[in-house]
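# Working through the structure, step by step
These are the residues of each chain, in order.
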Amino acid sequence: MRRFTLIAIPYFWLLALFLVPFLIVLKISLSDTALAIPPYMPSLDLSEGWAGFMAFLTELDFENFVWLTEDDLYWKAYLSSLQIAFFSTVLTLIVGYPIAYAMARAPEEWRPTLLMLVILPFWTSFLIRVYSWMGILSQEGYLNQALMSLGLISEPLIILNTNIAVYIGIVYTYLPFMILPIYAALEKLDGSLLEAAEDLGCSRASAFWLVTIPLSKQGIIAGCFLVFIPTIGEFVIPSLLGGSQTLMIGKVLSEEFFSNRDWPVASAVAIILLLILVIPIILFQRNEQKQREAEK
Amino acid sequence: MAQTVFEPWNDPDAKPIIQFKNVTKRFGDFTAIDDLTIDIYEREFFALLGPSGCGKTTMMRMLAGFETPTDGTILLQGKDIAPISPNKRAVNMMFQSYALFPHLSVWENIAFGLKRDKMAKDQIAARVDEMLRLTRLEKFARRKPHQISGGQRQRVALARSLAKAPKLLLLDEPLGALDKKLRQDTQFELMDIQEKTGTTFVIVTHDQEEAMTVASRVAVMDHGKIIQVATPAEIYETPNSTYVADFIGDVNLIEGRAEQDGDKVRVAWAEGQPAIVGTTTRQFDKGQTCHFAIRPEKVAITATKPENIANAVKGKIHDIAYLGNISTYHVALPNGHMIKAQAANNRRLSRRSFTWEDDVWLSWTDTAGVLLER
Ligand SMILES: Nc1ncnc2c1ncn2[C@@H]1O[C@H](COP(=O)(O)OP(=O)(O)O)[C@@H](O)[C@H]1O
Ligand SMILES: [Mg+2]
């Protein structure tokens, strides 16, 4: 009985905070737009009992999903989100790996401080940090001022409201999620393995490719998923830093909800997004499990 | 045909494979290796023995190329190895922790070094199979290191370091993690492999029994210096200092004042006790402080005073350590000094001749012990 209660708590949590909202969104996605509040129908009327429920069911349909396939805005937005998420993940990896490596190689007494510095940005609001990037990247921003005063450019660069700004924002925001798992993997790496590789004839560089990279693979994979998964649905960064040509599904979703007030279509968009995310999430779980097994 | 004895260190024409020449290694202001000079010869099984922290690993790491001497030179076959990076040295090391690559199978671990040499595929396969056979690991070739036992891992590490047929193999406490039985088996296996491959082995150990078992010569180290280098038998029978005598095996050490007469020395060591008579080739000044060292198994224990023996003292049995095949008797002399004597237990326990509080005589000949200056 006690065991049952223990297991029940997380399941209840999932039920209340994930499954129920999911069912509500699913239901809305199968409904029709209506101009009252909430702006969709049918609504479930339980006073008529079972018959009312059946009547309600028959009114649900896949209209909204069909609509998504007809307007190319949506699949373009999905593809563009995937693309931006993919390249951001690669960029974050390129920036994050050397940082994680340097941290893992730093003298032991420095490491807690370095870890602190990586986590430090979380102490201020994410929104404020994204806004401050607007101040840095705008045409009169600090970056352009600095470059111009150094004489490197004569005209201010246009970065804000382009995809470049979105990439910068995403890499900046998600960097800790890349660094931490890679650092965890590299910190565990036994230095004598690298010496053994050298002893057996590897140069420093080939020891890195043949030993360090494979042994930090789990960390790299975990970091990539931790960046890739939330980036696909990212909304704040593309809407604040991106321009009109930045197409991301999170932005489309919020426009459907708040500008068009078409909740059923918005819900359909969200359901598809969820389905797209299920694949990398399952892969991520597999990776975590494999890692746990390897550590046993 | 008489078998020639393997002792190149006594042959003035023999060329050492390794020479340490006044090598000093400092970490900051800490001296880990202190002005060390030593020659190691081809096909030797050379053991470095010493307490933890005396610089054994540091010596190995300098040979492998992971540390550079602060002063002095190390020669490998007559050539200074300082400018050669670790991956270019014909030296392989078996790490204390084995350092097997966890992401590679046993087979790939052994092939790792061969692949770096750009060897042909079929040659690599042949060599790896040979190593697997040598270390009896054929059945485990496809397993990952975490899927095999500690003893098997240790053999993989050995196979991997032997695969490239190095001129010199360094073994840093290779058997430390094994239990006693497996360790003994592996020691004989190591000697066997060393004989078959003809590789020069340098082994680090802090287990004196292990050093005695496997080595052609043993170097006893302390605080970055080598105190004595000799064959296991010489180290045991004729240690050059009380440190070595005490480090290797069990010993009774008695301090006294020397009085030499030819090769005989009388050591006056306590009021009311007869002087100890020993034999030596050294010279002691009259009244010089000296140490008489004698192994417990060379001290005879009897109930009555033996006749015609150079040294005999009376005492009372204070303690008996029963070790199965032998027993060690701790005998207290009237002046409180404790002397250990060992006797084989060739009778059953119940019929043992001595027990606690028995009065006994301890005796030894004048050649049974050694006289040491320090
Ligand atoms: N990289 C290093 N930095 C500072 N001190 C070191 C370093 N490596 C070894 N030492 C010191 O040198 C001494 C000898 O170490 P080591 O050769 O590992 O001893 P052991 O005989 O136990 O193998 C030890 O006191 C150790 O603390
Ligand atoms: Mg050591």
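Rules and cut-offs
- Residues numbered from 1 in each chain as written.
- Chains lettered and ligands numbered in written order.
- Predicted model: local features only at pLDDT ≥ 70, side-chain atom pairs only at ≥ 80, totals over all residues.
- Heavy atoms only, no water.
- Helix = DSSP H or I, 4+ residues; strand = E, 2+ residues; numbered from the N terminus.
- Buried < 20%, exposed > 50% of the residue type's maximum accessible area, 1.4 Å probe, protein only.
- Contact = heavy atoms within 4.5 Å.
- Areas by Shrake-Rupley, 256 points an atom, 1.4 Å probe, with all protein chains shown as cover.
- Lys, Arg positive; Asp, Glu negative; His and termini not counted.
- Charge placed at Lys NZ, Arg CZ, Asp CG, Glu CD.
- Salt bridge = Lys/Arg side-chain N within 4 Å of Asp/Glu carboxyl O.
- Near = heavy atom within 4 Å.
- Polar contact = N/O pair within 3.5 Å; in protein donor to acceptor, adjacent residues only side chain to side chain.
- Phe/Tyr/Trp six-rings, centres within 6.5 Å; stacked < 30°, edge-to-face > 60°.
- Lys NZ or Arg CZ within 6 Å of the ring centre and 35° of its normal.

This part covers the overall build of chain A. A count of helices and strands for chain A gives 14 helices and two strands. Each principal axis of the C-alpha distribution contributes one length, and for chain A these read about 80 × 65 × 35 Å. Residues counted as buried form 40% of the 296 residues belonging to chain A. Considering only intrachain contacts with a sequence separation of at least 6, the fraction spanning at least 24 residues in chain A is 71%. Put simply, chain A shows about 17,200 Å² of open surface, and 71% of that area lies on carbon and sulfur atoms. Charge-centre separation for chain A: the mean point of 16 positive side chains lies 11 Å from the mean point of 25 negative side chains.

Now for the overall build of chain B. Regarding its fold elements, chain B presents eight helices and 20 strands. When the backbone C-alpha atoms are referred to their principal axes, chain B occupies close to 75 × 50 × 50 Å. Looking at the 374 residues of chain B, the share that counts as buried comes to 50%. At a minimum sequence separation of 6, the contacts of chain B that also span at least 24 residues come to 67%. Total accessible area on chain B is roughly 18,300 Å²; 48% of this is exposed by carbon and sulfur atoms. A distance of 8 Å separates the average location of the 48 positive side-chain charges in chain B from that of its 47 negative side-chain charges.

Take the pattern of salt bridges next. One pass over the full model with this rule turns up 23 salt bridges over all chains. In this structure, Lys316(B) engages Asp359(B) in a salt bridge whose closest nitrogen and oxygen atoms are separated by 3.7 Å. With a gap of 43 residues between them, Lys316(B) in strand β16 (residues 311-322) and Asp359(B) in strand β19 (residues 359-364) connect regions that are remote in the sequence. Here Asp359(B) falls in the partly exposed class, since its relative accessible area comes to 46%. Where salt bridges share partners, they join Glu195(A), Lys25(B), Arg61(B) and Glu67(B) into one cluster.

On to the site of ligand 1. Residues and elements named next belong to chain B. With respect to spatial proximity, the complete set of residues near ligand 1 consists of Phe27, Phe30, Ala32, Ser52, Gly53, Cys54, Gly55, Lys56, Thr57 and Thr58. Between ligand 1 and Gly53 there is a distance of 2.6 Å, counted from an oxygen atom to a backbone nitrogen or oxygen. Interatomic distance of 2.5 Å between a side-chain N/O atom of Thr58 and an oxygen atom of ligand 1. Calculation on ligand 1 without its partners gives an accessible area of 560 Å², and the protein chains cover 60% of this total. Of all elements in the fold, only β2 (30-41) and α1 (56-64) reach the threshold of two or more residues within the shell around ligand 1.

Attention shifts here to the packing of aromatic side chains. Using the criterion set out here, one finds 19 aromatic pairs over all chains in the structure. Their ring planes at 70 degrees and their centres at 5.9 Å tell us that Phe225(A) and Phe284(A) sit as a pair that is edge-to-face. With a gap of 59 residues between them, Phe225(A) in helix α11 (residues 217-232) and Phe284(A) in helix α14 (residues 263-295) connect regions that are remote in the sequence. Seen from their ring centres, Phe257(A) and Trp263(A) are 5.9 Å apart, and the 65 degrees between their planes marks the pair as edge-to-face. Residue Trp263(A) is classed as partly exposed on the basis of its relative accessible area of 26%. Clustering of aromatic rings is evident, with ring pairs tying together Tyr97(A), Tyr101(A), Phe208(A) and Trp209(A). The positively charged end of Arg116(B) is found above the aromatic ring belonging to Phe112(B), 4.6 Å away from the centroid. The ring of Tyr236(B) carries the charged tip of Arg295(B) above its face, separated from the ring centre by 4.0 Å.

As far as function goes, none of this settles anything; it's purely spatial.
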